[in-house]
Amino acid sequence: SSSSRDEALRDKRARILSRGLPKQKPIEGVKQVVVLASGKGGVGKSTTAVNIALALAANDSTKEVGLLDADIYGPSIPKMMNLKGNPELTPKNLMRPLKNYGIACMSMGFLVEETAPVVWRGLMVMSAVEKLLRQVDWGQLDYLVIDMPPGTGDVQLSVSQNIPIAGAVIISTPQDVALLDARKGAEMFRKVHVPVLGLVQNMSVFQCPKCKHETHIFGADGVRDLAKTLGLDILGDIPLHVNIRETCDSGQPVVISQPQSDA
């Protein structure tokens, strides 16, 4: 019958398409991987990734948490986590993550000079990402938080297709320009069958420290509206606050240095 022919054709097509995909292989010792992504740069993704990793550890002291900086061109985790130096090698030639605030961290920033630009083509970047994923001795982790580079390019696809991911979190400001790219990010994860846990609205409101007047510099509720459109949850609404910026710049993120603050 024509329906069984169509089904056989669909099966054949699916087999051919899946041939080119790498087989997903878990990272040794890591139970759950959560990726933090944004379509656009400059929306506070790394700041949010750092504070989420610290919050996971603070929420349950029995959990071991790691943080992987997958942004090869602009690694910011070393500065935010107040870490410097080169990783030691284990007898099995694996890199040992650097640790601060109880979080095991790995970043391209530990492997190159702080001021040196990484002037690489795509294949070299992919090779570096593969090394950061597979050639690190993470020990036993309950959660590995991956800070993705902005966009929907090679790195995002490679990470999504190479390792099983428990879920993705999309960070965006309420600004229309940022929302366009955040939507693309969410759709990309759906295409590669990574569950999107929800959206975080960052830099949502600025409160004047003197008169307490609130200003929505980047617009109001844009991420909430996008979440409704996509049928996703809003996981958090983070204000534009000088403390969040200052604490990350000084290597003492707000979750660890000011745990009782509103931020």
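Residues numbered from 1 in each chain as written. Predicted model: local features only at pLDDT ≥ 70, side-chain atom pairs only at ≥ 80, totals over all residues. Heavy atoms only, no water.

Novice: Explanation requested: the overall build of the protein chain in the structure shown.
Specialist: When helices and strands are tallied, the protein chain shows nine helices and ten strands. Radius of gyration (C-alpha) of the protein chain: 20 Å, near the 18 Å computed for a compact globule of 263 residues. Dimensions along the principal axes, computed over C-alpha positions, put the protein chain at roughly 75 × 50 × 40 Å. When the 263 residues of the protein chain are sorted by exposure, 43% land in the buried category. Restricting the contact set of the protein chain to residue pairs at least 6 apart, pairs at least 24 apart contribute 75%. Only carbon and sulfur atoms are counted for the fraction: they give 52% of the accessible area of the protein chain, which is about 14500 Å². Side-chain charges of the protein chain comprise 29 positive and 27 negative groups, with the mean position of each set lying 7 Å from the other. (Helix = DSSP H or I, 4+ residues; strand = E, 2+ residues; numbered from the N terminus. Rg over C-alpha atoms; globule rule 2.2 N^0.38 Å. Buried < 20%, exposed > 50% of the residue type's maximum accessible area, 1.4 Å probe, protein only. Contact = heavy atoms within 4.5 Å. Areas by Shrake-Rupley, 256 points an atom, 1.4 Å probe, with all protein chains shown as cover. Lys, Arg positive; Asp, Glu negative; His and termini not counted. Charge placed at Lys NZ, Arg CZ, Asp CG, Glu CD.)

Novice: Just to check I follow, could you spell out the state of the cysteines for this structure?
Specialist: Here is the idea: a disulfide is a covalent bond, and it sits between the sulfur atoms of two cysteines. Taken as a whole and judged by the stated rule, the model has zero disulfides. The closest cysteine sulfur to the non-disulfide-bonded Cys105 is located on Cys248, 12 Å from its own sulfur. Lacking any disulfide linkage, Cys208 is separated from the closest cysteine sulfur, that of Cys211, by 3.7 Å. Judged by its relative accessible area of 22%, Cys208 falls in the partly exposed class. (Disulfide = S-S within 2.5 Å.)

Novice: Before we go on, may I ask you to explain helix α7 (residues 222-230) in this structure?
Specialist: Because an α-helix completes one turn every 3.6 residues, residues spaced three or four positions apart along the sequence face the same direction. Looking only at α7, the buried set comprises Gly222, Val223, Leu226, Ala227 and Leu230. For α7, the buried positions fall inside an angular range of 135 degrees around the axis, keeping them on one side. On its buried face, α7 is in contact with β6 (167-172), α6 (176-191), β7 (196-201) and β10 (234-237). Just past α7, the residue Gly231 takes up positive phi, approximately 70 degrees. (Arc of directions from axis to C-beta.)

Novice: Explain the environment of Lys184 here, please?
Specialist: Topologically, Lys184 is positioned in helix α6. Measuring from C-alpha to C-alpha, the distance between Lys184 and Gln140 comes to 33 Å, with 44 residues separating the pair along the chain.

This is a description of form; function is not addressed.
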